[in-house]
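# An overview of the molecular structure
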Amino acid sequence: MIVASPLLTLAEYLAYDDGTDTRYELVNGELLAMAQPTGIHGGMSEFVNDSFRVEIQRLQLPLISKQDLIAVQTGQVRGKITCRVPDVVVITSEQWQEMRFREAVLTDSVPLLVVEIVSDSTRNIDYRKKRAEYNAIEIPEYWIIDFSDRKVTVLLLEDGLYEEIVYRGDELIKSLLFPELKLTPSQIFNA
């Protein structure tokens, strides 16, 4: 017999603590455990976050880049809330200041750029579900870093839909948010 567990509200999700170090996303009101990333996954995430931070500092931009820290509410359907925790999130300094004394979750605004690093267990979620969710809330720029396929897919919001550009090897990744960024898939995969 299957026993249905009650759906969590956003407040319950933010207060949830099962006494472990397990991190969760909230998907349609249900907790979804996030797998512990591999060293390669963590290294790529850290490298991209550091690259964004250098560019923000160099150009004195009013932006903040955070790794594995900010949740993004991507939807609420019939009372079922979904909150994702991207690998890297770039937001405005103003958005960051608004979270100073509360949980780091965006509910009323969206990040400028999110990065997801594909794991074998998250491939379908990153390429399909999160793409649809991020498109629906109109995140302007979404990067999918795929180590197995050795490619970086950049999705740019254009007229309400994502336009996809795939980068490989030593091709310079073109970012709308960071137009002067000098970053290639090879650099990310060798991080």
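Let us look at the structure shown here.

Criteria and thresholds
Residues numbered from 1 in each chain as written. Predicted model: local features only at pLDDT ≥ 70, side-chain atom pairs only at ≥ 80, totals over all residues. Heavy atoms only, no water. Helix = DSSP H or I, 4+ residues; strand = E, 2+ residues; numbered from the N terminus. Rg over C-alpha atoms; globule rule 2.2 N^0.38 Å. Buried < 20%, exposed > 50% of the residue type's maximum accessible area, 1.4 Å probe, protein only. Contact = heavy atoms within 4.5 Å. Lys, Arg positive; Asp, Glu negative; His and termini not counted. Charge placed at Lys NZ, Arg CZ, Asp CG, Glu CD. Salt bridge = Lys/Arg side-chain N within 4 Å of Asp/Glu carboxyl O.

With that settled, consider the overall build of the protein. Summing up its helical and strand segments, the protein has five helices and eleven strands in all. Relative to its length of 191 residues, the protein is compact, with a C-alpha radius of gyration of 17 Å against a globular reference of 16 Å. Each principal axis of the C-alpha distribution contributes one length, and for the protein these read about 55 × 35 × 35 Å. Within the protein, the fraction of its 191 residues that count as buried is 40%. Looking at the protein alone, contacts between residues at least 24 apart form 53% of all its contacts between residues at least 6 apart. Each charge class in the protein can be summarised by its mean position, and for the 19 positive and 30 negative side chains these summaries are 2 Å apart.

What follows deals with the pattern of salt bridges. One pass over the structure, following the stated rule, counts ten salt bridges. Between E25 and K130 there is a salt bridge, with its nearest N and O atoms 3.5 Å apart. Linking E25 in strand 1 (residues 23–27) with K130 in helix 4 (residues 123–136), this pair joins segments that are 105 residues apart in sequence. By the burial criterion, E25 is buried, and K130 matches it. D146 is the partner of R123 in a salt bridge, and the nearest nitrogen-oxygen pair spans 2.7 Å. In this pair, R123 is assigned in helix 4 and D146 in strand 9 (residues 141–146), connecting sequence segments 23 residues apart.

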